[in-house]
Amino acid sequence: MFGLIGHLTSLAHAQSVARDLGYPEYADQGLDFWCSAPPQIVDNITVTSVATGQTIEGRYVESCFLPEMLANRRIKAATRKVLNAMAHAQKQGINITALGGFSSIIFENFNLHQIEKVRNIKLEFERFTTGNTHTAYIICQQVEQGAAQLGIELSKATVAVCGATGDIGSAVCRWLDRRVDVADLLLIARDRDRLNALQTELGRGKIISLEEALPQADIVVWVASMPKGIQLEANKLKHPCLLIDGGYPKNLDTQLQHPEVFVLKGGIVEHSLDIDWRIMKIVSMDIPARQLFACFAESMLLEFEKIYTNFSWGRNQITVEKMEQIGKWSVKHGFKPLLSF
Ligand code: NDP
């Protein structure tokens with residue numbers, strides 16, 4: 001069995017979902033309540049491989065984490081949410097569970113690998129994967145295929161990566177350098193030391209502010225871990241421009257209405273067969289029976305392949321070879337990158 005640990009994008013979102021799912025006792029509560037709410041399994045999932053016809057079962061574990069916990073410095077609550085959700089998944093006997101959205105970021109940022117025991121459960125970390133290798137692979141496919149659709153020639157293109165030093169961002173940079181060879185790579189993040197280290201590793205890339213990067217970039221990959229999206233003006237961008245928003249919650253808080261600005265939902269895959277679940281309706285996927293986060297799909301792929309190990313683990317360890325490997329399984333079992341603007 002595979003598992004998905006997820007969370008909602010804001011307190012308001014959580015309250016409305018609780019109402020829709022039939023948890024009225026959660027619906028009118030504020031942040032304090034969500035800080036103390038235990039994890040819940042709110043969905044049972046079945047998904048079928050197009051290659052093998054094999055059907056696997058999974059569980060969605062709602063961690064009850066909300067991005068406002070980080071914004072309001074409720075760090076203890078945030079870390080407890082992730083650990084409790086992991087313990088809950090393990091207690092259900094789930095073989096491989098993806099840590100969706102901020103779950104893996106909290107795990108890394110607050111060194112949760114040091115905490116081995118949650119009450120009477122000794123966490124077995126090999127049962128978990130961040131899902132970031134598949135997410136990075138899918139975002140790179142969206143860059144390559146999205147550019148081709150728009151007639152942007154990558155060998156002449158400038159690609160900016162916002163969140164370049166992160167787990168997903170650094171993997172995207174490695175792929176764009178080695179597998180695509182884009183003309184210019186712009187590296188955006190806040191911590192200068194980590195940017196310097198990435199630039200040294202790649203042997204290329206220009207460290208630049210977001211404001212400077214936007215007018216130069218043919219493509220912008222957004223993979224910054226921001227609890228809230230930012231506002232952007234279409235006239236500050238190059239035309240045409242492809243924006244791939246891989247953040248969860250989204251990095252972009254604007255609906256950009258411009259004929260030459262194209263926005264893709266980043267890190268989203270579409271399965272070729274319907275998946276029996278309701279959770280993707282809750283996070284507003286356009287086709288909820290088929291579309292999902294690539295990190296969740298990673299745990300499905302590992303279950304299909306019976307690989308019960310943390311395929312994606314630790315920060316900035318994702319190699320191009322591992323991206324190619326997960327990419328092969330992704331295609332084999334019927335997942336495709338989302339490419340509709
Ligand atoms: P990491 O924490 O590893 O990296 C985050 C990156 O964002 C770092 O480079 C960080 O650098 C940068 N960053 C954070 N805040 C800002 C800011 N205000 N301006 C510029 N850069 C910033 O995160 P991940 O790589 O694991 O995840 C990245 C995003 O992808 C998250 O939003 C996550 O929820 C989402 N995600 C999506 C998935 C999907 O399936 N679609 C799956 C998993 C994650 P610095 O702190 O130095 O600024």
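Now for a look at the structure at hand.

Basis of the calculations
- Residues numbered from 1 in each chain as written.
- Predicted model: local features only at pLDDT ≥ 70, side-chain atom pairs only at ≥ 80, totals over all residues.
- Heavy atoms only, no water.
- Helix = DSSP H or I, 4+ residues; strand = E, 2+ residues; numbered from the N terminus.
- Buried < 20%, exposed > 50% of the residue type's maximum accessible area, 1.4 Å probe, protein only.
- Contact = heavy atoms within 4.5 Å.
- Near = heavy atom within 4 Å.
- Polar contact = N/O pair within 3.5 Å; in protein donor to acceptor, adjacent residues only side chain to side chain.
- Areas by Shrake-Rupley, 256 points an atom, 1.4 Å probe, with all protein chains shown as cover.
- Nonpolar A, V, L, I, M, F, W, Y, C, P; charged D, E, K, R; others polar.
- Phe/Tyr/Trp six-rings, centres within 6.5 Å; stacked < 30°, edge-to-face > 60°.
- Salt bridge = Lys/Arg side-chain N within 4 Å of Asp/Glu carboxyl O.

## A word on the overall build of the protein
Then step 1. A count of helices and strands for the protein gives 13 helices and 16 strands.
Then step 2. Expressed along its principal axes, the backbone C-alpha trace of the protein runs to roughly 55 × 45 × 40 Å.
Then step 3. Counting over 341 residues, the protein shows a buried share of 57%.
Then step 4. Here the contacts in the protein between residues at least 6 apart in sequence split such that 67% fall between residues at least 24 apart.

## A short note on the environment of Gln54
Then step 1. Along the chain, the position of Gln54 falls in the loop between strand S2 (40-48) and strand S3 (55-62).
Then step 2. Considered as a pair, Gln54 and His333 are 279 residues apart in the sequence and their alpha carbons are 9.5 Å apart.
Then step 3. Those residues in contact with Gln54 that lie beyond four places of it in its chain are Val47, Thr48, Ser49, Glu303, Phe304 and Lys306.

## Considering unusual backbone geometry
Backbone geometry follows two general trends: most residues other than glycine have a negative phi, and most peptide bonds adopt the trans configuration.
Then step 1. In this structure, the amide linkage connecting His239 to the following residue, Pro240, adopts the cis form with an omega of 0°.
Then step 2. Relative to the helices and strands, Pro240 resides in the loop between strand S11 (219-222) and strand S12 (241-245).
Then step 3. A cis amide bond links Tyr248 with the next residue in sequence, Pro249, at an omega value of 0°.
Then step 4. Turning to its location among the elements, Pro249 is positioned in the loop between S12 and strand S13 (261-265).
Then step 5. The phi angle at Ser284 is positive, at roughly 60°, despite the residue not being glycine.

## Comments concerning the site of the ligand
Then step 1. Taken together, the neighbourhood of the ligand is formed by 26 residues, with Thr165, Arg190, Asp191, Tyr248 and Arg315 sitting nearest.
Then step 2. Gly166 has a polar backbone atom sitting 2.9 Å from an oxygen atom of the ligand.
Then step 3. In this structure, an oxygen atom belonging to the ligand sits 3.5 Å away from a main-chain N or O atom of Gly246.
Then step 4. Relative to its unbound accessible area of 920 Å², the ligand is 91% covered by the protein chains.
Then step 5. Looking at the shell around the ligand, the elements with two or more residues in it are helix H7 (132-150), helix H8 (167-180) and helix H12 (294-304).
Then step 6. Here the shell around the ligand is built from residues that sort into 11 nonpolar, 11 polar and four charged.

## Structural notes on the packing of aromatic side chains
Then step 1. Counting across every chain of the model gives 14 aromatic pairs.
Then step 2. Arranged with centres 5.7 Å apart and planes meeting at 55°, the rings of Tyr23 and Tyr26 form a pair that is tilted.
Then step 3. Looking at Tyr23, the relative accessible area reads 22%, which means it is partly exposed.
Then step 4. Overall, Tyr26 belongs to the buried group, its relative accessible area being 10%.
Then step 5. Centroid distance Tyr60 to Phe296: 6.1 Å. Interplanar angle 70°. Geometry classified as edge-to-face.

## Quick word on the pattern of salt bridges
Then step 1. According to the stated counting rule, one finds 17 salt bridges in the structure shown.
Then step 2. Put simply, Asp32 and Arg74 hold a salt bridge, and the shortest N to O gap is 2.9 Å. Placement of Asp32 in helix H3 (residues 31-36) and of Arg74 in the loop between helix H4 (68-71) and helix H5 (75-91) is noted, with a sequence separation of 42 residues between them.
Then step 3. A relative accessible area of 54% places Asp32 in the exposed class.
Then step 4. Of the charged contacts in the structure, one is a salt bridge between Arg127 and Glu124, with a shortest N-O distance of 2.6 Å.
Then step 5. Residue classification places Arg127 among the partly exposed positions, given a relative accessible area of 22%.
Then step 6. Sharing partners across several salt bridges, the network here consists of Asp177, Asp181 and Arg204.

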